[in-house]
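Breakdown of the fold
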Amino acid sequence: MIPAPSGATRLYVIVGDPIAQVRSPSGVSAAFAARGHDGILMPVQVAPADLPDFLSVATRLKNLDGIVVTIPHKFACYEACVSATERAHFLRTVNLMRRRADGAWHGDMVDGLGFVGAARAKGIDPKGMRALLVGAGGAGSAIALALIEAGVSELAIHDSAAERRDALIGRLNGLGKAPARAGTMDPAGYDFVANATPAGMKEGDPLPVDVIGLMPSAYCGCVITKPEVSPFIAAARKAGCVTGTGTDMYRQHRGIMVDFLLHRDGEG
């Protein structure tokens, strides 16, 4: 049960464009209440062109303590942070921002932790797997790093924006861990297939991969929360794959998000 807000309630917002698909407001608000924190998370839809004005106002709101960031603002919001976690600096993207004592913003990027956590909750350990990731944006970059850190044997990345894809591949290979390379839409031969694009949010969207090539033994994960079962996940289930939805991912990282927003993550 989420208590009714009062004048003392601390405000948090989730910013994106679109925003109707997000599931965080009720869950995070309930998690605040469960921890005895008088706070509420509200959705706000802000176009990319208006983001600088929004952040300028947000910084001056004295009862706004945190911002959850979704598509397409994760890279731009990183630039608004004066400090960030090591992984956020590596990726140059954030999906969480919290108020520092000096009023400025501190950022983190936990999408990858939630995505890999969803796979592990289904009994899938990415270690040693050949992985294909579609999408090198904010969430995709975070998932790529999490998969490398989870010990995949190799990571292929497909993105229509070749420059963005290649920049991510270069950074990942600089870690000296599993090799990263450019991939295609063909999932044949991959043990772990991840969709980190919006493909499937709108009716008629093309599938992110050629599902005919999916191995029944492959794990397929998707970042999309609405529809809860994306067309890609539906096709993967039809092929016999174990799957993880965007909602599964959200359930895994909700606690991480709340810890960060409440300064209970041991950082800063």
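The following refers to the structure shown. As the structure is a prediction and not an experimental result, all values here were calculated from the model.

A few points about empty space enclosed by the protein
Rolled over the atoms, a probe with the dimensions of a water molecule shows which regions are left empty. Inspection of the entire model under this criterion finds 1 cavity of 30 Å³ or more. Empty space within the largest cavity amounts to approximately 70 Å³. Lining the largest cavity are Ile 2, Pro 3, Ala 4, Pro 5, Thr 9, Ser 29, Ala 33, His 37, Asp 38, Gly 39 and Ile 40. Those elements giving two or more residues to the lining of the largest cavity turn out to be helix 1 (24-34) and strand 2 (39-45). Considering only residue class, the lining of the largest cavity consists of 6 nonpolar, 4 polar and 1 charged.

Some words on helix 8 (residues 231-238)
Of all the residues in helix 8, the buried ones are Phe 232, Ile 233, Ala 235 and Ala 236. Along the long axis of helix 8, the arc covered by the buried residues comes to 160°, so they all point the same way. Contacts made by the buried residues of helix 8 are with strand 10 (192-195), strand 11 (219-222) and strand 12 (242-244). Gly 240, located one to two residues past helix 8, shows a positive phi value of around 95°.

Focus on unusual backbone geometry
Cis peptide bonds are those with omega within 30 degrees of zero, and the linkage from Asp 17 to Pro 18 qualifies with 10°. Inspection of the secondary structure assignment puts Pro 18 in the loop between strand 1 (10-16) and helix 1. Note that the residue after Lys 226, namely Pro 227, is joined by a cis bond; omega there is 5°. Within the element layout of this structure, Pro 227 appears in the loop between strand 11 and helix 8. With a phi close to 55°, Arg 92 is a non-glycine residue in the positive phi region. Positioned with a positive phi, His 263 is a non-glycine residue whose angle comes to about 60°.

Brief notes about the state of the cysteines
Across all of its chains, the model carries 0 disulfides by this definition. The thiol of Cys 77 is not disulfide-bonded; the next cysteine sulfur, from Cys 81, is found 7.1 Å away. Classification of Cys 77 as buried rests on a relative accessible area of 0%. You can see Cys 220 has no disulfide; the closest cysteine sulfur is in Cys 241, sitting 4.0 Å from it. For Cys 220, a relative accessible area of 0% puts it in the buried group.

What about the packing of aromatic side chains?
On inspection of all chains with the given rule, the structure shows 3 aromatic pairs. Considering the side-chain rings of Phe 115 and Phe 192, the 6.3 Å spacing of their centres and the 55° angle between planes classify their relative orientation as tilted. Note that Phe 115 is positioned in helix 5 (residues 111-121) and Phe 192 in strand 10, a separation of 77 residues in sequence. The same class applies to Phe 115 and to Phe 192, which are both buried. Where Phe 192 meets Tyr 219, the ring centres are 5.0 Å apart and the plane angle is 45°; that geometry is what we call tilted. In this pair, Phe 192 is assigned in strand 10 and Tyr 219 in strand 11, connecting sequence segments 27 residues apart. On the basis of relative accessible area, Phe 192 is assigned to the buried category, the value being 0%. Three or more aromatic residues link up through ring pairs in this structure, and these residues are Phe 115, Phe 192 and Tyr 219. Lying over the aromatic face of Phe 260, Arg 98 brings its terminal NZ or CZ to 4.3 Å of the ring centre. For the cation-ring pair, Arg 130 lies above Tyr 190, with the distance from its terminal atom to the ring centre recorded as 4.6 Å.

Examining the sheet that holds strand 6 (residues 105-108)
Sheet architecture is open: 6 strands sit in the order 2-1-3-5-6-4, paired in mixed fashion. Since the sheet does not close on itself, it has two edges, and those belong to strand 2 and strand 4 (83-84), each with one partner. In this structure, strand 1 lies alongside strand 3 (residues 64-69), joined through 5 bridges in parallel fashion. Paired with Leu 11 across the two strands is Leu 64, which belongs to strand 3.

Definitions and cut-offs
- Residues numbered from 1 in each chain as written.
- Predicted model: local features only at pLDDT ≥ 70, side-chain atom pairs only at ≥ 80, totals over all residues.
- Heavy atoms only, no water.
- 1 Å grid on protein atoms, 1.4 Å probe; cavity = no way out; pocket = protein on both sides within 12 Å on 5 of 7 lines; lining within 4 Å.
- Points joined across faces, edges and corners; volume = space filled by probe spheres on them.
- Helix = DSSP H or I, 4+ residues; strand = E, 2+ residues; numbered from the N terminus.
- Nonpolar A, V, L, I, M, F, W, Y, C, P; charged D, E, K, R; others polar.
- Buried < 20%, exposed > 50% of the residue type's maximum accessible area, 1.4 Å probe, protein only.
- Arc of directions from axis to C-beta.
- Contact = heavy atoms within 4.5 Å.
- Disulfide = S-S within 2.5 Å.
- Phe/Tyr/Trp six-rings, centres within 6.5 Å; stacked < 30°, edge-to-face > 60°.
- Lys NZ or Arg CZ within 6 Å of the ring centre and 35° of its normal.
- Pairing = 2+ DSSP bridges.

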